[in-house]
Structure formats: structure tokens, C-alpha cells
Amino acid sequence: ALPIWRPLLQISRIQIEEYAAFFKLEYITDESNSDTKYLRNFVRHSVIPLLSKWDNNIITKVLNFNLHLQQLLAITDEVSTNDLAECSIDGLNINLELFKKLSNERQTNVLSQFIKKNNIALPSNRQLVEFVKQATTSSWDSKPQLKLSSEILLIKYKNNIFINEK
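Residues numbered from 1 in each chain as written. Predicted model: local features only at pLDDT ≥ 70, side-chain atom pairs only at ≥ 80, totals over all residues. Heavy atoms only, no water.

Colleague: When you look at the overall build of the protein chain in this model, what are you seeing that I'm missing?
Modeller: Regarding its fold elements, the protein chain presents six helices and four strands. Each helix (α) and strand (β) of the protein chain, taken in turn from the N terminus, gives the series α-α-α-β-α-α-α-β-β-β. Expected size for 166 residues packed as a compact globule is a radius of gyration near 15 Å; at 23 Å, the protein chain overshoots this value by more than 25%. Each of the three principal axes of the protein chain carries a C-alpha extent, and together these read 70 × 30 × 30 Å. Considering the protein chain as a whole, with its 166 residues, one finds that 25% of them fall into the buried category. In the protein chain, the share of contacts with a sequence separation of at least 24, taken over all contacts with a separation of at least 6, comes to 36%. (Helix = DSSP H or I, 4+ residues; strand = E, 2+ residues; numbered from the N terminus. Rg over C-alpha atoms; globule rule 2.2 N^0.38 Å. Buried < 20%, exposed > 50% of the residue type's maximum accessible area, 1.4 Å probe, protein only. Contact = heavy atoms within 4.5 Å.)

Colleague: Is there a simple way to explain unusual backbone geometry in this structure?
Modeller: With the exception of glycine, the majority of residues adopt a negative phi angle, and the majority of peptide bonds are in the trans configuration. The phi dihedral of Asn119 is positive, around 55°, even though this residue is not glycine. Relative accessible area serves as the criterion here: at 73%, Asn119 is assigned to the exposed category. In the Ramachandran plot, Lys158 falls in the positive-phi region, its phi being about 55° despite a non-glycine side chain. Within the secondary structure layout, Lys158 lies in the loop between strand E3 (152-157) and strand E4 (160-165).

Colleague: What's the story with a nonpolar patch on the surface in this structure? I'm lost.
Modeller: A cluster of nonpolar residues, Phe65, Leu69, Leu72, Leu73, Ile75 and Val79, forms a patch on the protein surface that exposes about 540 Å² of accessible area. By the secondary structure assignment, Val79 is in helix H3 (residues 58-87). (Patch = residues over 30% accessible without salt bridge, like charges linked within 9 Å, V, L, I, M, F, W, Y side chains within 5 Å. Areas by Shrake-Rupley, 256 points an atom, 1.4 Å probe, with all protein chains shown as cover. Salt bridge = Lys/Arg side-chain N within 4 Å of Asp/Glu carboxyl O.)

Colleague: I tried to follow the sheet that holds strand E1 (residues 93-95) on my own but got confused; where do I start?
Modeller: Each strand in a sheet pairs with its neighbour through backbone hydrogen bonds, running either in the same direction (parallel) or in the opposite one (antiparallel). Here four strands make up an open sheet; going across it, the order is E1-E4-E3-E2 and the pairing antiparallel. The open sheet has two edge strands, E1 and strand E2 (145-147), and neither has a second partner. Across the sheet, the mean angle separating the axes of adjacent strands is 20° when strand polarity is ignored. The sheet contact formed by E1 and E4 spans three bridges and is antiparallel. In the strand pairing of E4, Ile94 is matched with Ile161. Its contacts with the sheet place helix H5 (residues 104-117) against E1, E3 and E4, and it is angled at close to 30° to E4. (Pairing = 2+ DSSP bridges. Axes fitted to C-alpha atoms, helices over the stretch in contact; angles between N-to-C directions.)

This is the structure:
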């Protein structure tokens, strides 16, 4: 996935409008920006003004929280990449015994990383958690499977987890 760069995220709309007015810049406002049937606009036009009455710094706090969350996600990606490298001997399979040594949360993240690394759309977290449960508790010769698409399965068999394309 390509990173999204949002250089003006920390700058308020009022600041941007003041800047544009000061330098006599013309800009276009998308008509949909005022339509509150869209959640983002409802939040922008109804929820944020209400919260701002309660706390003048709410926007800064939300933006800081968002930045902190992005940092935590970057750390999570780094850990899951390292975990996947340690659990995958050949890059094509996940060794089940090494996988079982991780916490349930890290196991789920390893599977997410493994699926993303293979350029496959992620299933829901609930499906991943259920697959982890089945893969780590099933008998040696059982084959729990998770359907990733009409053509692709995530399969646990014997001591490996792998992706199988039909």
C-alpha cells in the first residue's frame, strides 16, 4: 500500500482560508463538503463545533491522537514484519511451531502481514482470529482453511501455514 501524505492535516481550515485570503489565492470547494449525509461532513459540521464548545483544544488533541495512532501502527507493522521473518523459513510458509510461540495478537498480525506481502486483500479481523484459533489448536493432520478470495485459500496443514491458489 502506498503511504498517504497529508502535509496540511495539522493546520485548521480557518488557517488555510486565512492564508489563501492573505495571498489572494483562489481555491475550489467541493460541493459535497457541506453535505452532512456523509459521516466526515457530519462530524466536521456538527460534532466538532459541539466538542469545541466543551474544549477549545479538541482539534489539536484529536490530531495528536491520530499522529500517535499512526506511530503505533508503524511499530505494529515493524514488529509483525520481524515476526513473519522469524516464523517463515522460506518466505512461502509460516512454521506453525514458531508461530505458536507468539501471543494471539502477534499471530493475527503475522497472518495480516503474510497476506499483505502476497498482495491479497485482508479478510476481517474476526476471520483471522478464528483461523489462528483453529490453526493453533487443531490436530497435526487437519486442514483448517480461510477463504481469502474465490481463488485463494490460507491453509494450515501439518507444521505449516501457506497460501494456496486454486
